[in-house]
Amino acid sequence: MDEPAGIYVHVPFCRARCAYCDFAVVVGKDGLADAWLDGVLRELERRADGVAGPVTTVHLGGGTPSRLAPRLVADLLAGIDRRVGIAAGAEIALEANPEDVTRERLAGWRAAGVTRLVVGVQSTAERGIRALGRRAPAGEGPRALRLARAAGFRSLGADLVIGWAGQEDRELDADLDLVIGEGADHVSCYMLEVDGDAPLARRIRRGERPGPDPDRAADLYWRAADRLEAAGLPAYEISNFARPGHESRHNLRYWTDAPYLGLGPAAASYLAGERWTNPRGLADWLAMLRGAAPAPPPEPYDPDRRVGEALVFGLRRIAGVDLARLAARHGADPVERRRPVLAGAAREGLLVLSGNDARLTRRGRLVADEVFVDLL
Ligand code: SF4
């Protein structure tokens, strides 16, 4: 227990389920927020002895963390600080949906200790909002981002979805004009997924809705990547762009094999080499905390699997992976076993492999999944 951990808190509440989303959410149950908070603090109490504190990152993700009134965010952060400590200068991030953003809430979250606000803009086009099955009108994203900028968080982030069917260059440009113009410090550009269990993905697979065209989605990705880089936000991960110093320190944990405790339904943890994932449903997770259902057992440690997964996550970073560090953590054999795959990808121009440094090339970024399959 030496490397300071981070804490992820899953806030499952949503106003409605968006068509493209298959995250673990509950709709129309905001009234359970107090019971949820009580559960999170109880779960922290049980797990706290395994957490190296003070923690340096706390990330409220979801679901929709902005459904939480500032009072609940303040109580949550105070509880974490009391039990494991929150380091001075820690990154404390909250994901917000535009329709929840008001001046009062922003001030309240900031006073509670939030340092980084991420606004889920997704699209500024009415067609995009409809294609993604979002509820808030297209104007809400820009309004929320402007208010959030004025509220003075240390870092301001914006999420966009690219590649929805029929998306035109001018529609992406309008999204980029907004996030660049409002001075976002961090922008995530997520490609629309069609292989999950989201309602939209199922409709696309059934042929009821047009799916994204991969070539078109790639063009849109590079249009976004090049503009963001020119605006001073280079990619540091395939889907993530940031001004230097504003990278998500919490998400970097996932890409660098670093420890974190996950609290709340569906939250995953990785502490002292052990990993486990909480029950996905809010009711099942609360039952676990009451002792009415068993806690998830930790996954048995399998160095081969860990190396495969660490490579897949790590190669998503533009800086790539240090193979020597991975070998020191999990043993040399599972790393060496994968060198031929890495060397093959390097010969195809998808990867640069130089000694112990492996990183995707620009061409490799969008066909990364082909490389990843063989690494697992
Ligand atoms: S996209 Fe966000 S707001 Fe929409 S259902 Fe998923 S978690 Fe909730």
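Residues numbered from 1 in each chain as written. Predicted model: local features only at pLDDT ≥ 70, side-chain atom pairs only at ≥ 80, totals over all residues. Heavy atoms only, no water.

Visitor: Please clarify how the overall build of the protein should be interpreted in this entry.
Guide: On a plain count of helices and strands, the protein comes out with 16 helices and 16 strands. Over its C-alpha atoms the protein spans a radius of gyration of 21 Å, differing by no more than 12% from the 21 Å that the globule rule assigns to 376 residues. Projected onto its principal axes, the C-alpha coordinates of the protein cover approximately 55 × 50 × 40 Å. Looking at the protein as a whole, 54% of its 376 residues qualify as buried. Long-range pairs, those at least 24 residues apart, make up 71% of the contacts in the protein with a sequence separation of at least 6. Charged side chains of the protein number 51 positive and 53 negative; the gap between the two group centres comes to 3 Å. (Helix = DSSP H or I, 4+ residues; strand = E, 2+ residues; numbered from the N terminus. Rg over C-alpha atoms; globule rule 2.2 N^0.38 Å. Buried < 20%, exposed > 50% of the residue type's maximum accessible area, 1.4 Å probe, protein only. Contact = heavy atoms within 4.5 Å. Lys, Arg positive; Asp, Glu negative; His and termini not counted. Charge placed at Lys NZ, Arg CZ, Asp CG, Glu CD.)

Visitor: Hey, could you run me through the domain arrangement of the protein in this one?
Guide: Where the parts come together, the accessible area they lose is often given as the size of the interface. When the domains of the protein are assigned, the result is domain 1 (6-254) and domain 2 (303-375). Placing a centre on the C-alpha atoms of domain 1 and another on those of domain 2 gives a separation of 28 Å. Taken residue by residue, the interface counts 13 residues in domain 1 and 9 residues in domain 2. Carbon and sulfur atoms make up 60% of the area that domain 1 and domain 2 hide from each other, which totals about 1100 Å². The largest share of the area that domain 1 buries against domain 2 comes from W222, E237 and I238, three residues that together contribute 52% of it. Between the two partners, domain 1 and domain 2, sit 2 salt bridges. Its salt-bridge partner being E237, residue R316 comes within 2.5 Å of it at the nearest N-O pair. Scanning the region where domain 1 abuts domain 2 turns up 6 residue pairs in polar contact (both at pLDDT 80 or more). Listing elements by their share of the side of domain 1 that touches domain 2, those giving two or more residues are α8 (214-230), β9 (235-237) and α9 (249-255). Per-element tally for the side of domain 1 that touches domain 2: the top contributor is α8, with 5 residues. (Domains from an automatic or database assignment. Buried area = accessible area lost by both parts, 1.4 Å probe. Salt bridge = Lys/Arg side-chain N within 4 Å of Asp/Glu carboxyl O. Polar contact = N/O pair within 3.5 Å; in protein donor to acceptor, adjacent residues only side chain to side chain.)

Visitor: It is not clear to me how the packing of aromatic side chains should be interpreted in this structure. Could you clarify?
Guide: Two aromatic rings, taken as a pair, are described by how far apart their centres are and by the angle between their planes. Here the structure, examined in full by the defined rule, presents 6 aromatic pairs. On the basis of an interplanar angle of 80° and a centroid distance of 6.1 Å, the ring pair of F13 and W36 is categorised as edge-to-face. Placement of the pair is F13 in strand β2 (residues 13-14) and W36 in helix α1 (residues 33-47), with a sequence separation of 23 residues. Note on F13: relative accessible area 1%, which makes it buried. What makes W36 buried here is its relative accessible area of 0%. For the pair Y236 and W255, a centre-to-centre distance of 6.0 Å together with 65° between the ring planes defines the contact as edge-to-face. With Y236 in strand β9 and W255 in helix α9, this residue pair connects regions lying 19 residues apart in the sequence. Of the two residues, Y236 and W255, neither departs from the other in class, the shared state being buried. Through successive ring pairs, a cluster of aromatic residues spans Y221, W222 and F241. (Phe/Tyr/Trp six-rings, centres within 6.5 Å; stacked < 30°, edge-to-face > 60°.)

Visitor: I tried to follow the site of the ligand on my own but got confused; where do I start?
Guide: In the region of the ligand, the neighbouring residues are C14, A16, R17, C18, Y20, C21, V25, G63, T64, N97 and R134. Considered class by class, the residues forming the shell around the ligand number 6 nonpolar, 3 polar and 2 charged. (Near = heavy atom within 4 Å. Nonpolar A, V, L, I, M, F, W, Y, C, P; charged D, E, K, R; others polar.)

Visitor: Explain the sheet that holds strand β15 (residues 351-354) here, please?
Guide: To summarise the sheet geometry, strands pair through backbone hydrogen bonds and adopt either a parallel or an antiparallel arrangement. Here 3 strands make up an open sheet; going across it, the order is β14-β16-β15 and the pairing antiparallel. If you trace the sheet from one side to the other, it starts and ends with β14 (321-322) and β15, each paired once. The pairing of β14 with strand β16 (residues 357-360) spans 2 bridges and is antiparallel. Each residue of the ladder has a partner; that of D322, found in β16, is D357. (Pairing = 2+ DSSP bridges.)

Visitor: Explain the pairing of strand β1 (residues 6-11) to me, please; I cannot follow it from the model alone.
Guide: Side-chain positions along a regular strand alternate between the two faces of the sheet. With respect to burial, β1 is a largely interior element, 6 of its 6 residues being buried. Burial along β1 is two-sided: the face carrying G6, Y8 and H10 and the face carrying I7, V9 and V11 are both buried. Pairing of β1 with strand β11 (residues 260-263) involves 4 bridges; the strand directions are parallel. The residue of β11 that forms the bridge with Y8 is G262. By the bridge criterion, 6 bridges tie β1 to strand β4 (residues 55-62) in an arrangement that is parallel. When the sheet's bridge partners are listed, G6 is paired in β4 with T57.

Visitor: I'm lost on the environment of V161 in this one. Help?
Guide: Its place among the elements puts V161 in strand β7 (residues 155-162). Residues V161 and Y190, spaced 29 residues apart in sequence, show a C-alpha to C-alpha distance of 4.8 Å. If sequence neighbours within four positions are ignored, V161 has contacts with Y20, Q122, L132, Q167, Y190 and L192.

Visitor: Help me understand unusual backbone geometry, please; the structure alone is not making it clear to me.
Guide: Across the chain, the bulk of peptide bonds are trans and the bulk of non-glycine residues have phi less than zero. In this structure, P54 follows G53 across a cis peptide bond, with omega equal to -5°. Tracing the backbone through its elements, the reader meets P54 in the loop between α1 and β4. Here the amide bond leading from G62 into G63 is cis, since omega sits at 20°, within 30 degrees of zero. Its location among the elements puts G63 in the loop between β4 and α2 (70-83). Phi at Q122 takes a positive value of approximately 70°, unusual for a residue other than glycine. Its location among the elements puts Q122 in strand β6 (residues 116-122). The class for Q122 is buried, based on a relative accessible area of 8%. Even without being a glycine, A266 presents a positive backbone phi close to 70°. Tracing the backbone shows A266 in the loop between β11 and β12 (268-271).

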